[in-house]
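Commentary on secondary and tertiary structure
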Amino acid sequence: MAKAKVTVPTPAEILPGISYKTPEKGWMDVKPDFRPGTYCNPANPKWLEWIGYPYPRAWHVTDEDWHLPSDWKETILQGMEDRLSRFRSLKLFFDICVRCGACADKCHFFLGTGDPKNMPVLRAELMRSVYKRYFKPAGRLLGQLAGARDLTEDVIKEWFFYLYQCTECRRCSLFCPYGIDMAEMTILGRELLSSIGINIEWTLASVAQCYDKGSHIGATPQAMKDMIDFFAEENERVTGIYTPITYNRKGAEILFVAPSGDYFADPGTYTFMGYMLLFTYLGLDYTISTYAGEGGNFGFFMSHEMGKRLNAKIYAEAKRLGVKWIIGGECGHMWRILNQYMDTWNGPADFLEMPVSPITGTKFENAATTRMVHISEFTADLIKHGKLKLDPMRNAHIKLTFHDSCNTSRGMGIFEEPRYIIKNVLPEGHFVDMPPNTIREKTFCCGSGSGFNADEYLETRLRGGLPRANAVRYVHEKYGVNHLGCICAIDRAVLPTLLGYWVPEVEVTGISELVGNALVFDEEIERTTDLRDRDLVGVGEAEEGVEAAEAAEEEE
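On a predicted model such as this, the values are computed, not experimentally measured, just so you know.

Here is what the cut-offs are and how they apply
- Residues numbered from 1 in each chain as written.
- Predicted model: local features only at pLDDT ≥ 70, side-chain atom pairs only at ≥ 80, totals over all residues.
- Heavy atoms only, no water.
- Domains from an automatic or database assignment.
- Contact = heavy atoms within 4.5 Å.
- Buried area = accessible area lost by both parts, 1.4 Å probe.
- Salt bridge = Lys/Arg side-chain N within 4 Å of Asp/Glu carboxyl O.
- Polar contact = N/O pair within 3.5 Å; in protein donor to acceptor, adjacent residues only side chain to side chain.
- Helix = DSSP H or I, 4+ residues; strand = E, 2+ residues; numbered from the N terminus.
- Nonpolar A, V, L, I, M, F, W, Y, C, P; charged D, E, K, R; others polar.
- Buried < 20%, exposed > 50% of the residue type's maximum accessible area, 1.4 Å probe, protein only.

Considerations on the domain arrangement of the protein
Many structure descriptions define interface size as the accessible area lost when the parts assemble. When its domains are assigned, the protein resolves into domain 1 (23-199) and domain 2 (206-518). The centre of domain 1, based on its C-alpha atoms, is set 31 Å off from the matching centre of domain 2. Taken together, the contact between domain 1 and domain 2 spans 38 residues of the former and 41 residues of the latter. Between domain 1 and domain 2, the buried area comes to about 3,200 Å², and carbon and sulfur atoms account for 58% of it. Considering only the side of domain 1, the residues that lose the most area to domain 2 are Ile51, Arg170 and Arg171, jointly responsible for 17% of the buried surface there. Across the contact surface, domain 1 and domain 2 share one salt bridge. Counting the contacts that link domain 1 with domain 2 gives 20 residue pairs in polar contact (both at pLDDT 80 or more). Going through the elements one at a time, helix 2 (45-51), helix 5 (108-113), helix 9 (171-175) and helix 10 (182-194) are the ones with two or more residues in the side of domain 1 that touches domain 2. For the side of domain 1 that touches domain 2, the leading source of residues is helix 10, giving seven residues. The residue makeup of the side of domain 1 that touches domain 2, split by class, is 19 nonpolar, 10 polar and nine charged.

Structural notes on the pattern of salt bridges
By the definition in use, this model includes 37 salt bridges. For Asp262, the salt bridge goes to Arg492, with nearest N and O atoms at 2.9 Å. On the criterion of sequence distance, the pair formed by Asp262 in helix 13 (residues 261-264) and Arg492 in helix 23 (residues 489-502) is long-range, its members being 230 residues apart. In this pair, the class of Asp262 matches that of Arg492, namely buried. With its nearest N and O atoms 3.1 Å apart, the salt bridge here joins Arg419 to Asp433. Of this pair, Arg419 sits in helix 20 (residues 416-425) while Asp433 sits in the loop between helix 20 and helix 21 (458-464), placing them 14 residues apart in sequence. Among the residues examined, Asp433 registers a relative accessible area of 25% and is labelled partly exposed. Among the charged side chains, a salt-bridge network with shared partners connects Glu507, Glu513, Asp530, Arg532 and Arg534.

Right, dumping it as structure tokens:
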């Protein structure tokens, strides 16, 4: 079946259509509207075959028949029973919710769509209603009167529609008086869908290629090396400093792992150039792996089992290469997995050493079991100990606000380190935080995390990103902010599209890019541009002035 063309409405068309009024019909009587722009395409069967997942088949979301396996209902109910026994949290979350509504207006998808089923309390009810029908006596006896309903194909379609309108950002959990984790319920719901062959293309393609080739984009080791070698040449052209990297080198002290978005997609490529400049400045003994060439983990977006598989690759490679510890780049879900799941899934990594900075001697005790340190923690420590010579004026063309990525902020608690770096690499007064209810632990999601950066899903992505974009627009209009900084590769991949739609005057940057701009090397050439080849403040204007004066003299 041919794919429908997605026509994205303009902001002026989207905003008036958002309504938060109480619907006329009960939620069980309203079916999802599968129209272009509101759903992700199903996964190609070959990806499921690559990773050994069940029921690979061709189907399309808008078809009446999704070609579910004959035993789909038994598979879902058995899967739910299994997860209720293995995950105490799931049963607890099903039973303790009192429908108080504290989470209702906290979800960016509800704020951007006005759809009541995007309120976390009601999104959870999509699964809870089936739980009540088959696992609770009241639901078996009273049915809909007790909030229970039969598991039908329409319910499966509804799960697919709304569980893939949750980016697992956990903002709702922050405001829940019981601490119910909607993200955990979403993950388990998607696991159940995956058990009957229902997955989305963008996630499965990334997962399969990472599992088979080492990165989400399926880059060969040669392609990865060629791209990073090109960055070394670009760094030398701009700064005069050559930044070589070794690949798969046994015996290096440190393994550096970055998301593939940082070496294959702008503006993340400039962030990778910043990593290389920093490590060269320090003379760091590190290597990167073409096998574990992916810090991100899209497996987390389909099942715990696949998340565990992909995370294991990093540690298997660290063990093979014989490194002492690991530094990880600017990636969101890589760090949530490391912080919240690593020890249970694959750890502890006791074959590695406690990370100790070879430059400052700082022992990173927060990495006692994972043996992996975030690049922002590492860099902030260097700055604190005065180990970097920085010229903030090289970032004087940047007026920055900072987006706390969901997974590194709520999921890991990294709030101060990136801000500390920013304040040391930007001129005074060039950093402005967004309103307090939109940052730090209350941060809004980019609207495209959790495997949603597919083009066919663009309208929903733009709607989901509205709250974040609205906060960016506020500081842009009030303070002249022209850049949004972040420490997440998914953010660097999707925020340019979001801001290009809602706030086109603002660009996106990684924080390590700003560090690369500001670093001062003893042997560098005269700097005239930043890493993106944009004139530094005063340089372009000065050159234009000289050229104008020379032209005037010639005329005379």
